[in-house]
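# Residue-level structure breakdown
As a plain string of letters, each chain reads:
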Amino acid sequence: MLTFNGSAFMPSAFALIGIPGLESVQCWIGIPFSAMYLIGVLGNSLILVIIKYESSLHIPMYIFLAMLAATDIALSTCILPKMLGIFWFHLPEISFDACLLQMWLIHSFQAIESGILLAMALDRYVAICNPLRHATIFSQQFLTHIGLGVTLRAAILIIPSIGLIKCCLKYYRTTVVSHSYCEHMAIVKLAAEDIRVNKIYGLFVAFAILGFDIIFITLSYVQIFITVFQLPQKEARFKAFSTCIAHICVFLQFYLLAFFSFFTHRFGSHIPPYVHILLSNLYLLVPPFLNPIVYGVKTKQIRDHVLRVFFFKKVT
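Figured I'd write up the structure that's included with this text. This is a predicted model, so every value here is computed, not measured. (Residues numbered from 1 in each chain as written. Predicted model: local features only at pLDDT ≥ 70, side-chain atom pairs only at ≥ 80, totals over all residues. Heavy atoms only, no water.)

### A closer look at the state of the cysteines
This model, assessed by the stated rule, comprises one disulfide. The disulfide partner of Cys-99 is Cys-182, and the S-S distance across this bridge is 2.0 Å. Taking the torsion about the S-S bond as the criterion, the Cys-99 to Cys-182 disulfide, at about -120°, is left-handed. Here the residue Cys-99 occupies a position in helix α3 (residues 96-129), and Cys-182 occupies one in the loop between β6 (176-177) and α6 (184-188), the gap between them amounting to 83 residues. (Disulfide = S-S within 2.5 Å. Helix = DSSP H or I, 4+ residues; strand = E, 2+ residues; numbered from the N terminus.)

Here is the structure:
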């Protein structure tokens, strides 16, 4: 790495400082973070095992849930080991290429999770609004295409943002990243060059993925609510609505945290850095932690199988 007038030319590594302003208590912050991670991995792994070995759950709703659980495990695993290395063992350095790889994985898994949530909303829409065609539309082949589609969409759209950093940004004012993981804008803001293209493409990707998905998820649930409230029997309305409760809870906590993190990084200069970084960390750790709890509590089939696993008896 060459330095010139305090700037770095093509740095070989970055230093992640963790949570700016809270360096003295990061070792304690790592305790609840690691607990959330372990609970999330165990809970999502349990969901994967239950869905894999219970043939009655081999239907679209639970296949999407299995995809979500696998994505949650991968997403949280991308950040927590390195984060705990910073918090507990004072190992802030990460190579330039490893940083870009972590960035690509994190943003790709975020996009994949958003795509799966959209697929789950469409599944509920067809199941409630057009139930006779559900089995025909959501065939095994279609589910495979959805899985490949959301994965390729994420990987392809995120790659150019990595390429723009790798190929176009050569000079950096500093190699110290005021973050606990390699986030796109946190790296881009270090550059001592014109970063307008990077910012514009970052906005494009965010709205092309999160914006597109949340619009169609909202439209799906508006139509679902209209259909549910038109059902003649109160019991039928309650049953249809209860199948969507868990999904709605997951959608809200994922997208609210996502958009808060996204907009504060670009427009929230008045917000203290430690608040933004803490919420950015929680955005990546809370969904994997809460999703299995939400589905375990709100979804009877999952709840019954979990109780059966732990108490070895048939739950009715």
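### So, the sheet that holds β6
With mixed pairing, three strands are arranged side by side in an open sheet as β4-β3-β6. Strands at the two margins of the open sheet, each flanked by one partner only, are β4 (93-95) and β6. Examined bridge by bridge, strand β3 (residues 13-16) and β4 share three bridges and lie antiparallel to one another. Looking across to β4, one finds that Ala-13 is bridged to Ser-95. Across the sheet, α3 is in contact with β3 and β4; its angle to β4 comes to roughly 85°. (Pairing = 2+ DSSP bridges. Contact = heavy atoms within 4.5 Å. Axes fitted to C-alpha atoms, helices over the stretch in contact; angles between N-to-C directions.)

### Regarding the nonpolar core
Counting 93 residues, the largest nonpolar core has Phe-14, Leu-117, Ile-165 and Tyr-172 as the members making the most contacts within it. The element best represented in this core is helix α2 (residues 60-89), accounting for 16 residues. In this structure, Phe-14 is in contact with Pro-92, Glu-93, Ile-94, Phe-96, Cys-99, Tyr-172, Thr-175, Val-177, Ile-187 and Leu-190, ignoring residues within four places of it in sequence. (Core = buried A, V, L, I, M, F, W, Y, C linked by side-chain atoms within 4.5 Å. Buried < 20%, exposed > 50% of the residue type's maximum accessible area, 1.4 Å probe, protein only.)

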